[in-house]
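Residues per chain, in single letters:
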Amino acid sequence: ANRGDPHGMLSLANAYADGNGVVQDQSLAVAWYHKIVAQMSEDSVDIEVTIAQRMLCLSYKNGTGVAKDTSVAATWFEKAAAHKDIPSLMSLGT
């Protein structure tokens, strides 16, 4: 993950989110999701970017690891939906 491998970064973010093999830390999970999106282009169609965008929208929607912000959540949902992410499309009702 520290070498910038998007798959490794996503695995680490999810581990922090779930407490799988590490102490659960939602804030660190969100930080890693942001790193994935920042490292890769937000326009990238890599699955890791799309999943990170979806996880960011859920984090902001629910206030998990970050302050709840439905406006920011909607932005992340739209970005993930633009990549044809089915859960995000369903959340947006499209």
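Before any of the text, the structure's been laid out above.
Here, residues in each chain are numbered from 1, in the same order as that chain's written sequence. Under the rules for a predicted model, residues below a pLDDT of 70 receive no local features and side-chain atom pairs below 80 are neither given nor counted, while totals for whole chains, interfaces and linings still include all residues. Water and hydrogen atoms were dropped before computing side-chain values, which therefore reflect all heavy atoms in the structure.

**Q** Can you lay out the overall build of the protein for me, pointing to particular residues and giving the numbers?
**A** A run of H or I in DSSP becomes a helix once it reaches four residues, and a run of E becomes a strand once it reaches two; helices and strands are each numbered from the N terminus. The helix and strand inventory of the protein stands at five helices and zero strands. Listed N to C, the secondary structure of the protein is α-α-α-α-α in terms of helices and strands. Relative to its 94 residues, the protein shows a buried fraction of 36%. For this analysis, residues touch if any pair of their heavy atoms sits within 4.5 Å. Across the protein, every contact between residues at least 6 apart in sequence was considered, and the portion connecting residues at least 24 apart equals 38%. Using a 1.4 Å probe, accessible areas were evaluated by the Shrake-Rupley method; residue-level cover was limited to the displayed protein chains. Accessible surface computed for the protein: about 5,200 Å², of which carbon and sulfur atoms make up 53%. Remark: exposure states derive from per-residue accessible area (1.4 Å probe, protein chains only) relative to the maximum for the residue type, with buried under 20%, exposed over 50%, and partly exposed in between.

**Q** Break down the environment of Thr 70 for me, with residues and values.
**A** In this structure, Thr 70 sits in helix H4 (residues 70-82). For the pair formed by Thr 70 and Cys 57, sequence separation is 13 residues and the distance between their alpha carbons is 8.4 Å.

**Q** Can you explain the side chain of Glu 48? Please cite residues and give values.
**A** With respect to the helices and strands, Glu 48 occurs in helix H3 (residues 47-62). Lacking a salt bridge, the buried Glu 48 has Arg 54 as its closest oppositely charged neighbour, with an N-O distance of 11 Å. Filtering out sequence-adjacent residues up to four positions away, Glu 48 remains in contact with Pro 6, His 7, Leu 10 and Ile 36. In this charge count, Lys and Arg are treated as positive and Asp and Glu as negative; neither His nor the chain ends contribute. We count a salt bridge whenever a side-chain nitrogen from Lys or Arg sits within 4 Å of a carboxyl oxygen from Asp or Glu.

**Q** For H3, give the residues involved together with the corresponding values.
**A** Here the expected length of a helix is defined as 1.5 Å per residue gap, with one fewer gap than residues. For H3, built from 16 residues, the straight-helix expectation of 22 Å at 1.5 Å per residue is met to within 8% by its first-to-last C-alpha distance of 22 Å. Within H3 the residues assigned to the buried category are Glu 48, Val 49, Thr 50, Ala 52, Gln 53, Leu 56, Cys 57, Ser 59 and Tyr 60. Looking at the buried side of H3, the elements it contacts are helix H1 (6-18), helix H2 (26-39) and H4. Looking one or two places after H3, you find Gly 63, whose phi comes out positive at around 70°.

**Q** Explain the nonpolar core residue by residue, including any values.
**A** One finds Tyr 33, Ile 36, Leu 56 and Trp 76 to be the most contacted residues of the largest nonpolar core, which totals 20 residues. Where this core is concerned, the elements lending two or more residues are H1, H2, H3 and H4. The element best represented in this core is H2, accounting for six residues. For Tyr 33, the residues in contact, after removing those within four places along its chain, are Leu 10, Ala 13, Asn 14, Ala 17, Ala 52, Met 55 and Leu 56. The nonpolar core is taken to be a set of buried Ala, Val, Leu, Ile, Met, Phe, Trp, Tyr and Cys residues, with the residues joined through side-chain atoms within 4.5 Å.

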